[in-house]
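Architecture and fold: a report
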Amino acid sequence: MTTAAQLALGATLLALALATAGALTYAAGRSRHRALIDRLTAGGGGSEGYAPPPDATGLRRRRFAPVDRRLRGTRAGRRLQLKLDATGLDVTPGEFTVWLVAGVAGLWLLAASVLAPFFGPLAGVIGVLSANAFLNHQRQRRTEQFINQLPELSRILANATSAGLALRTALGMAAEELDAPAGDELTRVAHQLAVGRSVEDALGELAERLPSRELVVLVTTLVLANRAGGTIVGSLRNLTTTLEERKETRREVRTMLAEVNATAFTVPLLGLGAALMVNGMMPGALEKVTGSVVGQITVVVAVGLFAAGFLVIRRLGRIEV
């Protein structure tokens, strides 16, 4: 083999080695980039602010990443991201949207095959409304859990500030001692404070994410004391007692309204059960009923009345404490 051939072979092998090393470096960089995006977005930070690094379960590989990226660039996607953040669910907007579309399609086909083709679109609309109601329920449930932890949070902050600790340090200590959801939310606040956000902005975002009167009172107390530079120990101790009393009152009210809430869900289920019973005793009855315009209008009116009954009962059983 001549010297030129050896040089050419050596240059080729060197080029292949460099190309392989470059490809491996690029792949590693892409992997770290995706991991960084997951850490910043899994906690719901997005473009609204810094989110804390998730735990080991938050590092799972996200599904439907292209759909998620497209949704995050739209206003509806950003609103959905904020709502998912408030629920505490480990789901991205893309995952939620894909599963919602799949669920609506399944309900559409199921209702069209079991009842009648006319009920397919109605089932799809009900599926979308149910998904939104589920998110609102999860947000309300998480807010209730956070409210139940507010007396303990106020007590920890009072003890920490009475020991001479700064408010930022007291919030970090509370984040470490409290369980979820208060621990997770305060961890996010602590990380936002660590990257330079003000106490007022970080706590204000927390109050917007989990709206409640109790949290607004606590946030207002902390912000005013931090801005004025005064002591907050006495205020926090008095607030702790008040929050404990409100917690007991809310528990009693929830117990008294349990029957009303059960009735609200029973009303539409009775309508669905009656339709299934009629169609079971007389196969094809619903298809014949919805075969005319008058029958379709009647069915739509009936569904609207059941929905109105559900909403009215829920509204009558809602007591603000």
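Keep in mind the model is a prediction, meaning the values are calculated, not measured. (Residues numbered from 1 in each chain as written. Predicted model: local features only at pLDDT ≥ 70, side-chain atom pairs only at ≥ 80, totals over all residues. Heavy atoms only, no water.)

1. Regarding the overall build of the chain
For the chain, the count of helices and strands is 13 helices and zero strands. In sequence order, the secondary structure elements of the chain are arranged as α-α-α-α-α-α-α-α-α-α-α-α-α. The buried share among the 321 residues of the chain stands at 32%. Only carbon and sulfur atoms are counted for the fraction: they give 65% of the accessible area of the chain, which is about 19,100 Å². (Helix = DSSP H or I, 4+ residues; strand = E, 2+ residues; numbered from the N terminus. Buried < 20%, exposed > 50% of the residue type's maximum accessible area, 1.4 Å probe, protein only. Areas by Shrake-Rupley, 256 points an atom, 1.4 Å probe, with all protein chains shown as cover.)

2. Section: the confidence of the model for the chain
Confidence in the prediction for the chain averages 80 pLDDT; 86% of positions are at 70 or higher. Mean pLDDT values for the elements of the chain range from 69 in helix 1 (residues 3-42) up to 89 in helix 4 (residues 93-114). (pLDDT = per-residue confidence, 0-100.)

3. Looking at the packing of helix 3 (residues 75-87) against helix 4
The interhelical angle for the contact between helix 3 and helix 4, taken along N-to-C directions, is 100 degrees, at an axis separation of 9 Å. In terms of their interaxial angle, helix 3 and helix 4 are classed as roughly perpendicular. Where helix 3 abuts helix 4, its residues Gly77, Leu80, Gln81 and Leu84 lie against Pro93, Phe96 and Thr97. Class assignment of the residues belonging to the contact of helix 3 with helix 4 gives a composition of four nonpolar, three polar and no charged. (Axes fitted to C-alpha atoms, helices over the stretch in contact; angles between N-to-C directions. Parallel < 35°, antiparallel > 145°, perpendicular 65-115°, else oblique. Contact = heavy atoms within 4.5 Å. Nonpolar A, V, L, I, M, F, W, Y, C, P; charged D, E, K, R; others polar.)

4. Some details on the nonpolar core
Within the largest apolar cluster, 32 residues are counted, with the highest numbers of intra-cluster contacts made by Leu153 and Leu203. Among the elements that line this core, the one with the most residues is helix 5 (residues 119-162), at eight residues. One finds Phe119, Ala123, Ala275 and Val299 within the second-largest nonpolar core, a separate group that totals eight residues. (Core = buried A, V, L, I, M, F, W, Y, C linked by side-chain atoms within 4.5 Å.)

5. Let's talk about empty space enclosed by the protein
Scanning all chains against the criterion turns up one cavity of 30 Å³ or more. Roughly 60 Å³ of internal volume is contained in the largest cavity. Lining the largest cavity are Phe146, Leu153, Leu157, Leu171, Leu186, Leu203, Leu206, Leu215, Leu218, Val219 and Leu222. If you list the elements that add at least two residues to the lining of the largest cavity, you get helix 5, helix 8 (199-209) and helix 9 (213-228). The element that contributes the greatest number of residues to the lining of the largest cavity is helix 9, accounting for four residues. Per-class residue counts for the lining of the largest cavity are 11 nonpolar, no polar and no charged. (1 Å grid on protein atoms, 1.4 Å probe; cavity = no way out; pocket = protein on both sides within 12 Å on 5 of 7 lines; lining within 4 Å. Points joined across faces, edges and corners; volume = space filled by probe spheres on them.)

6. Structural notes on the packing of aromatic side chains
Counted by the stated rule, this structure contains two aromatic pairs. With a centroid separation of 5.2 Å and an interplanar angle of 70 degrees, the aromatic rings of Phe265 and Phe310 are classed as edge-to-face. Of this pair, Phe265 sits in helix 11 (residues 258-281) while Phe310 sits in helix 13 (residues 293-316), placing them 45 residues apart in sequence. (Phe/Tyr/Trp six-rings, centres within 6.5 Å; stacked < 30°, edge-to-face > 60°.)

7. Some details on the environment of Val104
Along the chain, the position of Val104 falls in helix 4. Relative accessible area serves as the criterion here: at 15%, Val104 is assigned to the buried category. Placed 23 residues apart in sequence, Val104 and Gly127 show a C-alpha to C-alpha distance of 5.5 Å. The contact partners of Val104, leaving out residues within four places of it in the chain, are Gly124, Gly127 and Val128.

8. What to know about a positive patch on the surface
A cluster of like positive charges, contributed by Arg30, Arg34, Arg69 and Arg70, occupies part of the molecular surface. Secondary structure elements with two or more residues in the positive patch: helix 1 and helix 2 (65-72). Along the chain, the position of Arg30 falls in helix 1. Since its relative accessible area comes to 41%, Arg30 is described here as partly exposed. (Patch = residues over 30% accessible without salt bridge, like charges linked within 9 Å, V, L, I, M, F, W, Y side chains within 5 Å. Salt bridge = Lys/Arg side-chain N within 4 Å of Asp/Glu carboxyl O. Lys, Arg positive; Asp, Glu negative; His and termini not counted. Charge placed at Lys NZ, Arg CZ, Asp CG, Glu CD.)

9. Here's the deal with unusual backbone geometry
Most peptide bonds are trans, and most residues other than glycine sit at a negative phi. Cis peptide bonds are those with omega within 30 degrees of zero, and the linkage from Ala180 to Pro181 qualifies with 5 degrees. You can see Pro181 is positioned in the loop between helix 6 (167-177) and helix 7 (182-194).

10. Some thoughts on the environment of Thr92
Along the chain, Thr92 turns up in the loop between helix 3 and helix 4. A residue is classified by how much of its surface remains accessible, and Thr92, at 6% relative accessible area, is buried. Put simply, Thr92 and Arg62 are 30 residues apart on the chain and 7.8 Å apart in space, counted from C-alpha to C-alpha. Residue contacts for Thr92: discarding those within four places in its chain leaves Arg62, Arg63, Asp68, Arg72 and Leu84.

11. A look at the pattern of salt bridges
Once their charged atoms are close, side chains differing in charge can pair, the charge on each being opposite to the other. With the rule as written, the count across this model stands at eight salt bridges. The salt bridge partner of Arg155 is Glu244, with a shortest N-O separation of 3.1 Å. Taken as a pair, Arg155 in helix 5 and Glu244 in helix 10 (residues 233-256) lie far apart in primary sequence, 89 residues in all. Residue Arg155 is classed as partly exposed on the basis of its relative accessible area, which comes to 30%. Between Arg209 and Glu205 there is a salt bridge, with its nearest N and O atoms 3.2 Å apart. Linking Arg209 with Glu205, this pair stays in helix 8, spanning four residues, or about one helical turn. Each of the two residues, Arg209 as well as Glu205, counts as buried. One continuous salt-bridge network, built from bridges that share partners, spans Arg142, Glu185, Arg197, Glu205 and Arg209.

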